[in-house]
Amino acid sequence: MEISRLDKLLAFIQNEPEDEFLKYALATEYLRLNDSEKALSYYEDLVNNHPNYTGTYYHLGKLYEALNRKDDAISTYEKGMEITKAKRDMHAFSELQAVYRSAKGFEEDDEDDY
């Protein structure tokens, strides 16, 4: 019998329960399996306990949007932009800024001139 990717990740996390990459991988796998509740719990754990794991903010925000939690999505994008800017991760910052502007209802032509 083949061991699923989820089973492998769950076995790994038992040995390394605070590994942020494994938590992220589990959140992503649960999302792929359409288990939004478990995905949400891992993503929220990451932003609460590993706030500098910047990849989380985009995916958690998108999940909040899919769950019709727009205000949570916007605040997640804002926090992610704050952290990525402080870390000088401009690629992640620009991705978060784009989804933030979309969630806020800004159009591309609404760009600030400063």
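Calculation rules
- Residues numbered from 1 in each chain as written.
- Predicted model: local features only at pLDDT ≥ 70, side-chain atom pairs only at ≥ 80, totals over all residues.
- Heavy atoms only, no water.
- Axes fitted to C-alpha atoms, helices over the stretch in contact; angles between N-to-C directions.
- Helix = DSSP H or I, 4+ residues; strand = E, 2+ residues; numbered from the N terminus.
- Parallel < 35°, antiparallel > 145°, perpendicular 65-115°, else oblique.
- Left-handed = near helix turned anticlockwise from the far one by under 90°.
- Contact = heavy atoms within 4.5 Å.
- Nonpolar A, V, L, I, M, F, W, Y, C, P; charged D, E, K, R; others polar.
- Expected span 1.5 Å × (residues − 1).
- Buried < 20%, exposed > 50% of the residue type's maximum accessible area, 1.4 Å probe, protein only.
- Arc of directions from axis to C-beta.
- Phe/Tyr/Trp six-rings, centres within 6.5 Å; stacked < 30°, edge-to-face > 60°.

Caption draft 1: Here's a closer look at the packing of helix 4 (residues 55-66) against helix 6 (residues 90-104). At a minimum axis distance of 10 Å, the contact between helix 4 and helix 6 shows a crossing angle of 20 degrees. One way to sum up the angle between helix 4 and helix 6 is to call them roughly parallel. Handedness of the crossing formed by helix 4 with helix 6: left-handed. Contact with helix 4, carried on its side by Tyr-57, Tyr-58, Lys-62 and Glu-65, involves Glu-95, Leu-96, Val-99 and Ala-103 of helix 6 and no other residues of that element. Counted by class, the contact of helix 4 with helix 6 contains five nonpolar, no polar and three charged residues.

Caption draft 2: Geometry of the environment of Leu-6. With respect to the secondary-structure elements, Leu-6 resides in helix 1 (residues 5-15). Sequence separation between Leu-6 and Met-90 is 84 residues, and the spatial gap between their C-alpha atoms is 32 Å. Setting aside residues no more than four positions away along its own chain, Leu-6 makes contact with Leu-26, Glu-29, Tyr-30 and Leu-33.

Caption draft 3: Representation of helix 3 (residues 36-49) within the structure. The first and last C-alpha atoms of helix 3 sit 20 Å apart over 14 residues, in line with the 20 Å expected at 1.5 Å per residue. Residues of helix 3 that are buried: Ala-39, Leu-40, Tyr-42, Tyr-43, Leu-46 and Val-47. End-on view of helix 3: buried residues confined to an arc of 165 degrees, all on one side of the axis. In this structure, helix 3 carries Glu-37 and Asn-48 as exposed residues pointing more than 90 degrees from its buried face.

Caption draft 4: Examining the packing of aromatic side chains more closely. One pass over the full model with this rule turns up three aromatic pairs. On the numbers, 6.2 Å between centres and 65 degrees between planes, the contact of Tyr-24 with Tyr-43 is edge-to-face. Of this pair, Tyr-24 sits in helix 2 (residues 20-32) while Tyr-43 is found in helix 3, placing the two residues 19 residues apart along the sequence. For Tyr-24, a relative accessible area of 18% puts it in the buried group. Plain terms: the ring middles of Tyr-24 and Tyr-53 are 5.4 Å apart, the flat faces sit at 55 degrees to each other, and that makes the pair tilted. You can see Tyr-24 sitting in helix 2 and its partner Tyr-53 sitting in the loop between helix 3 and helix 4, a full 29 residues away along the chain. As far as the burial class goes, Tyr-24 and Tyr-53 line up, both buried.

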